Amino acid sequence: GNNDTFPLWFNQEVDGVRTDVRIMNSSYLDGEWYVDEMRCRANDAEGIKGSLAAWQDFLVDEFESAKNEFAATADRNVLAARGVRQLTSEENAFFNEFISNAKASATDGIITNITKALPETVITQALEDIKQAHPLLSAIDFTNTNAAIKWVLNDKGTQSATWNELNTPIVTGLEGAIDVIDMVFAKLTAYMLVTNDMLDLGPAFVESYVRATIAEALANGLEAAIVDGDGLKKPVGMTRDFTKSLNPSTGYPRKTAVPVTDFGVDTFAGILNTLSTTRLNNKRDVASVILVVNPADYFTRVMSATTILTPSGEYKNNVFPFPTQVIRSTAVPAGHAVMGIAKNYFMGLGTSKGGKLEYSDDYKFLEDLRTYKIKLYGNGRAVDINSFVYLDISAVAPVLPTVATIDKTPAASAAKA
């Protein structure tokens, strides 16, 4: 502080400028002698006892704040090392508000004092949690949405630009046709049992519990709808023909299953020809496909039909003539499978912005147990009817090795000659 303090002292002591102002150098305040000096009168300025007390209080507050921040950072590092997810400021605010209002009395089974919707980051993390265990959700086009959406598709498929000289009038325009699909959101409800003791554990624990509940609901409800949903207040599954009329009782009918007896080149060629053709008979490239099959059918039919014994004596499974990811799902009807372009299935999912949670005390087994409902809103369907092919694999046969005998004896060679 010498560079900024000594010139001021010179102005006061030598030039007599503003002798009624007391100059204090904060870097000296750690010395008891300087504090005592500041309490005494100097020139025309009184001692600064009150200011020193305020300064000391400020230093104490700063120290406490730094200490608490250091402790909180250390705690976060420890929890992160233990695998506990750290909350964002928005998540902390939401769950603290939820805990506060959940402990307070509410009427009509609804807590309405929560001013924010469940943060998108919680849903996003829940999706990430289950994608590893449910590869189908990783493969499709899964989007976290928070509002009703419109799906805009190009009805004409890929169109070409026109080559010509500069300054030549444009004679060929892109042909019209944009198809707009309203994605009316359906509701997926998850039930969450919460005790007052759980609320006392704080926002990080409650967020972890809520996220696990959401993940379980997504895992159990979404995959079944994505694969075989009938479109009645739920997504339209890959197996369903949404070009047909929607039956108010049974929803969209299943597609006509294409019978296959093997997964050879000719079989794949026919399926890929369908997948590469849009609903308007335009062509698109297919780089890879997914094969979604019931676990029981995979182990009893698909595995034996796609496993070979290599010359080295090792078995190699999931051998297909085209890049194919096999996904086992209990949602696929027995004796059937679905093959298609994974990213051509869109699934949007989000939470309500209504700012309220519903609860019920009807199913409490302990005095402080309460059942909450978390509502997730979303919908999904394929880009077009040809994005997925429904297969009948009930007659798929195991791969039988073919043995060819080659006679390389001199007599055989002479006979050929």
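Note that this is a predicted model, so its numbers are computed, not measured. (Residues numbered from 1 in each chain as written. Predicted model: local features only at pLDDT ≥ 70, side-chain atom pairs only at ≥ 80, totals over all residues. Heavy atoms only, no water.)

Draft legend 1. Main features of helix α9 (residues 265-275). Within the sequence span of α9, burial applies to T267, F268, I271, L272 and L275. Along the long axis of α9, the arc covered by the buried residues comes to 120°, so they all point the same way. Facing away from the buried surface of α9 by more than 90 degrees, the exposed residues are V265 and D266. Where α9 is buried, its residues contact β7 (289-293), β10 (324-328), β11 (336-340) and β15 (388-392). (Buried < 20%, exposed > 50% of the residue type's maximum accessible area, 1.4 Å probe, protein only. Helix = DSSP H or I, 4+ residues; strand = E, 2+ residues; numbered from the N terminus. Arc of directions from axis to C-beta. Contact = heavy atoms within 4.5 Å.)

Draft legend 2. Region of the structure containing the confidence of the model for the chain. Residues of the chain with pLDDT of at least 70 account for 57%, and the chain-wide mean is 75. Note that residues 170-178 has pLDDT below 50 and, in this model, 13 contacts with residues that lie over four places away or in other chains. This model gives residues 363-367 a pLDDT under 50, and the stretch forms three contacts once residues within four places in sequence are excluded. (pLDDT = per-residue confidence, 0-100.)

Draft legend 3. Main features of the sheet that holds β15. Across the sheet, which stays open at both edges, the five strands sit in the order β6-β15-β11-β7-β10 with mixed pairing between neighbours. Two strands bound the open sheet, and with one partner strand each, they are β6 (258-259) and β10. In this structure, β7 lies alongside β10, joined through five bridges in parallel fashion. Bridging across to β10, L291 finds its partner in V326. The strands that α9 touches are β7, β10, β11 and β15; relative to β15, the one it contacts most, it runs at about 150°. (Pairing = 2+ DSSP bridges. Axes fitted to C-alpha atoms, helices over the stretch in contact; angles between N-to-C directions.)

Draft legend 4. Focus on the pattern of salt bridges. All told, the structure shown has six salt bridges when counted by the stated rule. As a salt-bridge pair, R240 and D228 come within 3.3 Å of each other at their nearest N and O atoms. Taken together, the residues R240 in the loop between α8 (203-228) and β6 and D228 in helix α8 connect sequence positions 12 residues apart. A single burial state applies to R240 and to D228, both of which are buried. (Salt bridge = Lys/Arg side-chain N within 4 Å of Asp/Glu carboxyl O.)

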